[in-house]
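Structural overview for review
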Amino acid sequence: MATKRASLSITSLTLLLYFLTFSFSVFARPSTFLDDFHVTWSDSHIKQIGGNAIQLILDQSSGCGFASKNKYLFGRVSMKIKLIPGDSAGTVTAFYMNSDTDTVRDELDFEFLGNRTGQPYTVQTNVYAHGKGDREQRVNLWFDPAADFHTYAILWNHHHVVFYVDDVPIRVYKNNEAKGIPFPKFQPMGVYSTLWEADDWATRGGLEKIDWSKAPFYAYYKDFDIEGCPVPGPASCTSNARNWWEGPSYQQLDSIQARKYRWVRINHMIYDYCTDKSRYPVTPPECMAGI
Ligand SMILES: *[C@@H]1O[C@H](CO)[C@@H](O)[C@H](O)[C@H]1NC(C)=O
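Counting restarts for each chain: residues are numbered from 1 in the order of the written sequence. Where totals are concerned, whole chains, interfaces and linings use all residues; where local detail is concerned, this predicted model gives features only for residues with pLDDT of at least 70, and gives and counts side-chain atom pairs only at 80 or more.

The protein is annotated in an unreviewed UniProt entry as Xyloglucan endotransglucosylase/hydrolase from Macleaya cordata. Its UniProt record, at the heading Sequence similarities (unreviewed entry), says of the protein: "Belongs to the glycosyl hydrolase 16 family." For the record of the protein, the UniProt heading Function (unreviewed entry) holds the text "Catalyzes xyloglucan endohydrolysis (XEH) and/or endotransglycosylation (XET). Cleaves and religates xyloglucan polymers, an essential constituent of the primary cell wall, and thereby participates in cell wall construction of growing tissues." UniProt positions are given in the numbering used here, feature names are shortened, and annotations may be inferred rather than shown by experiment.

1. Details of the overall build of the protein
Within the protein, the regular secondary structure consists of six helices and 14 strands. Labels follow a simple rule on C-beta atoms placed from the backbone: if 20 or more others lie within 10 Å of a residue's own, it is buried; if 12 or fewer, it is exposed; otherwise it is partly exposed. Taken across its 291 residues, the protein has 34% of its residues classed as buried. Strands are runs of DSSP state E lasting at least two residues, helices are runs of H or I lasting at least four, and both sets are numbered from the N terminus onward.

2. Some words on unusual backbone geometry
Note that the residue after Ala215, namely Pro216, is joined by a cis bond; omega there is 0 degrees. Within the secondary structure layout, Pro216 lies in the loop between strand S12 (189-197) and strand S13 (217-231). Residue Pro232 is bonded to the preceding Val231 through a cis peptide linkage, with omega at 5 degrees. Even without being a glycine, Phe74 presents a positive backbone phi close to 70 degrees. For Phe74, the position within the fold is in strand S4 (residues 64-82). For Phe74, a count of 24 C-beta atoms within 10 Å gives the class buried. Residue Arg204 is not a glycine yet carries a positive backbone phi of 45 degrees. Structurally, Arg204 can be placed in the loop between S12 and S13. Given 14 C-beta atoms within a 10 Å radius, Arg204 is considered partly exposed.

3. With respect to the site of the ligand
All residues adjacent to the ligand are Leu113, Asn115, Gln119, Pro120, Thr122, Asn140, Ala202, Thr203, Arg204 and Ile270. Grouping the constituent residues of the shell around the ligand by class yields four nonpolar, five polar and one charged. Nearness is defined per residue: the C-beta atom, placed using the backbone, must lie within 6 Å of the molecule or strand. Residues are grouped as follows: nonpolar covers Ala, Val, Leu, Ile, Met, Phe, Trp, Tyr, Cys and Pro; charged covers Asp, Glu, Lys and Arg; every other residue, Gly included, is treated as polar.

4. Overview of the environment of Asp106
One can find Asp106 in the loop between strand S5 (91-98) and strand S6 (107-113). Residue Asp106 is classed as buried on the basis of its C-beta count, with 26 C-beta atoms lying within 10 Å. Residues Asp106 and Gly133 lie 27 residues apart in sequence; the distance between their C-alpha atoms is 8.4 Å. Throughout, a residue-residue contact means that the two C-beta atoms, derived from backbone geometry, are no farther apart than 7 Å. Those residues in contact with Asp106 that lie beyond four places of it in its chain are Ser99, Tyr128, Ala129, His130, Pro184, Gln187 and Met189.

Here it is in structure tokens:
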């Protein structure tokens, strides 16, 4: 079976027990938090609510974080997130993949930058490939991400990395290795999330400070879904062209997705490192090669 759900990459004994207990239906349902993740930072600030959702808490004593138990090489990870409502200025909720290799880090980031009540949330994305990052883009969300859950996903295959907000691609980083541009391809990445205070830079460049009188701040996550090749795992998985996320319809944006992507970039993008001449007098090569 090409598709390796995160919940399958447990030891074979546990797997056997799973089969006996839940039968095949376990493949179909989204995995629960504790199947796939563990708390990395401040147990007391992450609460399981119901079977399938968690609450992240930020107060003056601490933020918190969690990470996947496994690493993956290619696949798609998605989560439904409901961000901090009201005055969230100075808070950052991050959802990202990271190879955890300091010097040659690969990383794919979603960072949700809070704002004053009624002001738009900003989503900052970044791509590190073979240790080189500094590829920030920022999009202001066109809806209130604290009013409801929305799906945030990263698709990662041999052709490109796509960041999705619901069904809208907000960023595409293409594999342009043929043109000498690094692409994350060799290192498995774990899935991480954190909620923390970053009022030295997050909101209007650090001008807006966090209002601790509004604390504690809460963000909610549910419907964790990781489909990819777990590492360690069968080596054949990574190069298997039959994995669904490598399929023809995932190799480039279709015309509907391409239209949504253009719509976001024209109407909601507020920063793009590609066009930041003060930082990059010479346009970075990947900005010319891709769309
Ligand atoms: C916050 O709101 C201001 C005013 O609308 C906007 O310029 C900014 O991009 C928003 N996001 C952040 C993170 O400051």
